[in-house]
Amino acid sequence: MNDHDVVCDLLPMAAVGALDAAQQQRVDRHLKDCAVCRTEYGDWICLTRSLRALPMPLAPQKLVLKTRRLLALRAAARRNNRASQLVPAFLIMVSWIMTLLNWFLMRLLDFPLAQWLDVSSTAVRITYIGVTWLAAASAAALLGKHWQREGKII
Amino acid sequence: LSNRYPDSLEQLLSKEQSTCIENAVAELPASFREVITLRFEEEMKLEEIAGVLSLPLGTVKTRLHRALKLLRRSVSKKLGIGMGL
């Protein structure tokens, strides 16, 4: 993309006044030399001016306040939801790690069951893999239910 | 009357453009329309919009940018001319 293309793409946001200082300078510099972009920029200004001038139905003040309060509540709820999503994810990790650690704990501790856990035994290995997968799947199912309740997934 | 005629025509054209832009805004996808409404009707800053909608600032900028491009295309198509209003 050359400078002309980049600036062309920035023009709508320039017309809205939503560029950072560096981008705005770049646009200003280019506009001085490029008649095509100046015309284009003029068109964008026209559009944004028309948008600002659109007749607005005057909503009752009570309704405006109520809507704003509702928006603030929804934003707070969304923030809370995001935080609560971390909890099940954390649970999955913990369940996985705990299941993995159990193997070593059983081997390290002088536990009667530990003697039964023979690493070389295929049956034990398969059981162990099965248990870890089952633990992770259960945690994933819990997470899925949690998200479903919150409407994140259907 | 002849002096008043150009004004009436201008008003008519201006009204047509205004209706056209209004319709174009109404046809935008909801996520774009809310950004346009908050920016131009509520005159909110982009940071405020991001706060109200709980969106990253970058997402608000992208939506505004796309919404403006869609609007311009739609208005130009409807009026059959460029945007030189």
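Criteria and cut-off values
- Residues take numbers from 1 onward in each chain, read along the sequence in its written order.
- Key to labels: chains lettered from A, ligands numbered from 1, both in the order written.
- Reporting of local features is limited, given that this is a predicted model, to residues whose pLDDT is at least 70; pairs of side-chain atoms are given and counted only at 80 or more, and all residues count toward the totals for whole chains, interfaces and linings.
- Computation of side-chain values: all heavy atoms of the structure, hydrogens and water removed.
- In this text, helices come from DSSP runs of H or I with a minimum length of four residues, and strands from runs of E with a minimum of two, each type numbered from the N-terminal end.
- For every residue, the accessible area obtained with a 1.4 Å probe (protein chains only) is divided by the maximum for its type, and the residue is called buried under 20%, exposed over 50%, and partly exposed between those limits.
- A contact between two residues is defined here by any heavy atoms of the two lying within 4.5 Å.
- Here the open area of atoms and residues is found with the Shrake-Rupley method and a 1.4 Å probe, where only the protein chains shown may cover a residue.
- Residues grouped as a nonpolar core are buried Ala, Val, Leu, Ile, Met, Phe, Trp, Tyr and Cys residues, joined through side-chain atoms within 4.5 Å.
- Only C-alpha atoms enter the line fits that serve as axes; for helices the fit covers just the stretch in contact. Angles between N-to-C directions range over 0 to 180 degrees.
- By the definition adopted for this analysis, an angle is roughly parallel if under 35 degrees, roughly antiparallel if over 145, roughly perpendicular if from 65 to 115, and oblique otherwise.
- With the far helix as reference, a near helix turned anticlockwise by less than a right angle produces a left-handed crossing, and one turned clockwise produces a right-handed crossing.
- Under the scheme applied, nonpolar residues are Ala, Val, Leu, Ile, Met, Phe, Trp, Tyr, Cys and Pro; charged residues are Asp, Glu, Lys and Arg; polar residues are all the others, including Gly.
- Buried area is a sum: the accessible area each of two parts loses on coming together, probed at 1.4 Å, counted once for each and added.
- The working definition used for a salt bridge is a side-chain nitrogen of Lys or Arg within 4 Å of a carboxyl oxygen of Asp or Glu.
- Throughout this description, a polar contact denotes any pair of N or O atoms lying within 3.5 Å of each other; where both atoms belong to protein, one of them has to be capable of donating a hydrogen while the other can accept it, and for residues adjacent in sequence the pair is counted only when both atoms sit in side chains.
- For Phe, Tyr and Trp, rings pair up if their centres lie within 6.5 Å, where Trp contributes its six-membered ring, and each pair is then called stacked (planes under 30 degrees apart), edge-to-face (over 60) or tilted (otherwise).
- Here, a charge over a ring means that NZ of Lys or CZ of Arg falls within 6 Å of the ring centre while also lying within 35 degrees of the ring normal.
- In this description, the term disulfide denotes a pair of cysteine sulfurs within 2.5 Å.
- Each residue carries a pLDDT score, the predictor's own confidence in it, on a scale running from 0 to 100.

1. As for the overall build of chain A
Right, on to step 1. Within chain A, the secondary structure is distributed over 6 helices and 0 strands.
Right, on to step 2. Ordered by position in the sequence, the α and β elements of chain A form the string α-α-α-α-α-α.
Right, on to step 3. Going through the 154 residues of chain A one by one, you find that 24% of them count as buried.
Right, on to step 4. Relative to all contacts within chain A whose residues are 6 or more apart in sequence, the contacts with residues 24 or more apart total 55%.
Right, on to step 5. Here chain A displays about 11000 Å² of accessible surface, and carbon together with sulfur accounts for 66% of that area.

2. A short note on the nonpolar core
Right, on to step 1. Formed by 39 residues in total, the largest nonpolar core has its most connected members in A:Val27, A:Leu51, B:Ile36, B:Leu64, B:Leu68 and B:Leu71.
Right, on to step 2. Of all the elements in the fold, those that place two or more residues in this core are helix H1 (3–16), helix H2 (21–33) and helix H3 (35–52) of chain A together with helix H1 (4–27), helix H2 (30–41), helix H3 (46–53) and helix H4 (57–79) of chain B.
Right, on to step 3. The element that contributes the greatest number of residues to this core is H1(A), accounting for 8 residues.
Right, on to step 4. Those residues in contact with A:Leu51 that sit more than four places away from it in its chain are B:Ile21, B:Val25, B:Ile36, B:Phe40, B:Leu68 and B:Leu71.

3. Brief notes about the packing of H1(A) against H3(A)
Residues and elements named next belong to chain A.
Right, on to step 1. At a minimum axis distance of 8 Å, the contact between H1 and H3 shows a crossing angle of 25°. With respect to their mutual orientation, H1 and H3 come out roughly parallel. As for the relative orientation of H1 and H3, their crossing is right-handed in sense. The segment H1 lies against H3, with His 4, Cys 8, Leu 11, Pro 12, Ala 14, Ala 15 and Val 16 engaging Val 36, Cys 37, Glu 40, Tyr 41, Trp 44, Ile 45, Thr 48 and Arg 52.
Right, on to step 2. Among the residues forming the contact of H1 with H3, the class breakdown is 11 nonpolar, 2 polar and 2 charged.

4. Some details on the interface of chain A and chain B
Right, on to step 1. Listed per partner, the contact involves 24 residues of chain A and 24 residues of chain B.
Right, on to step 2. When the two sides are added together, the surface that chain A and chain B hide from each other amounts to roughly 2400 Å², 64% of it contributed by carbon and sulfur.
Right, on to step 3. In this assembly, chain A and chain B are joined by 4 salt bridges.
Right, on to step 4. A salt bridge links A:Glu40 to B:Arg72; the nearest nitrogen and oxygen atoms lie 2.9 Å apart.
Right, on to step 5. Here chain A is connected to chain B by 6 residue pairs in polar contact (both at pLDDT 80 or more).
Right, on to step 6. Broken down by element, the side of chain A that touches chain B gets its largest block of residues, 9 residues, from H3(A).
Right, on to step 7. Class assignment of the residues belonging to the side of chain A that touches chain B gives a composition of 13 nonpolar, 3 polar and 8 charged.

5. A look at the packing of H3(B) against H4(B)
Residues and elements named next belong to chain B.
Right, on to step 1. At a closest axis distance of 9 Å, the pairing of H3 and H4 adopts a crossing angle of 110°. One element, H3, and the other, H4, form an angle in the roughly perpendicular class. Contacts between H3 and H4 involve Leu 46, Glu 47, Ile 49 and Ala 50 on the former and, on the latter, Leu 57, Val 60, Lys 61 and Leu 64.

6. A word on the packing of aromatic side chains
Right, on to step 1. Taken as a whole, this structure holds 0 aromatic pairs over all chains when the rule is applied.
Right, on to step 2. Taking the ring centre of A:Trp44 as reference, the NZ or CZ of B:Arg72 above it sits at 4.7 Å.

7. Let's talk about the environment of A:Leu142
Right, on to step 1. The topology assignment puts A:Leu142 in helix H6 (residues 122–149).
Right, on to step 2. Expressed as a C-alpha distance, the spacing of A:Leu142 and A:Ile92, which sit 50 residues apart in the sequence, is 8.9 Å.

8. Some points on the state of the cysteines
Right, on to step 1. Using the criterion set out here, one finds 0 disulfides over all chains in the structure.
Right, on to step 2. Cysteine A:Cys8 shares no disulfide, and the gap to the nearest cysteine sulfur, in A:Cys37, comes to 4.0 Å.

9. Looking at the side chain of A:His30
Residue and element names in this part refer to chain A.
Right, on to step 1. Its location among the elements puts His 30 in helix H2.
Right, on to step 2. Taking relative accessible area as the criterion, His 30 reaches 12% and is therefore assigned buried.
Right, on to step 3. Setting aside its immediate chain neighbours within four residues, His 30 contacts Asp 3, His 4, Val 7 and Cys 37.

10. Points about the confidence of the model for chain A
Right, on to step 1. Model confidence for chain A is summarised by a mean pLDDT of 78, while 78% of its residues fall at 70 or above.
Right, on to step 2. Within chain A, H2(A) carries the highest mean pLDDT (91), whereas helix H5 (residues 112–116) of chain A carries the lowest (62).

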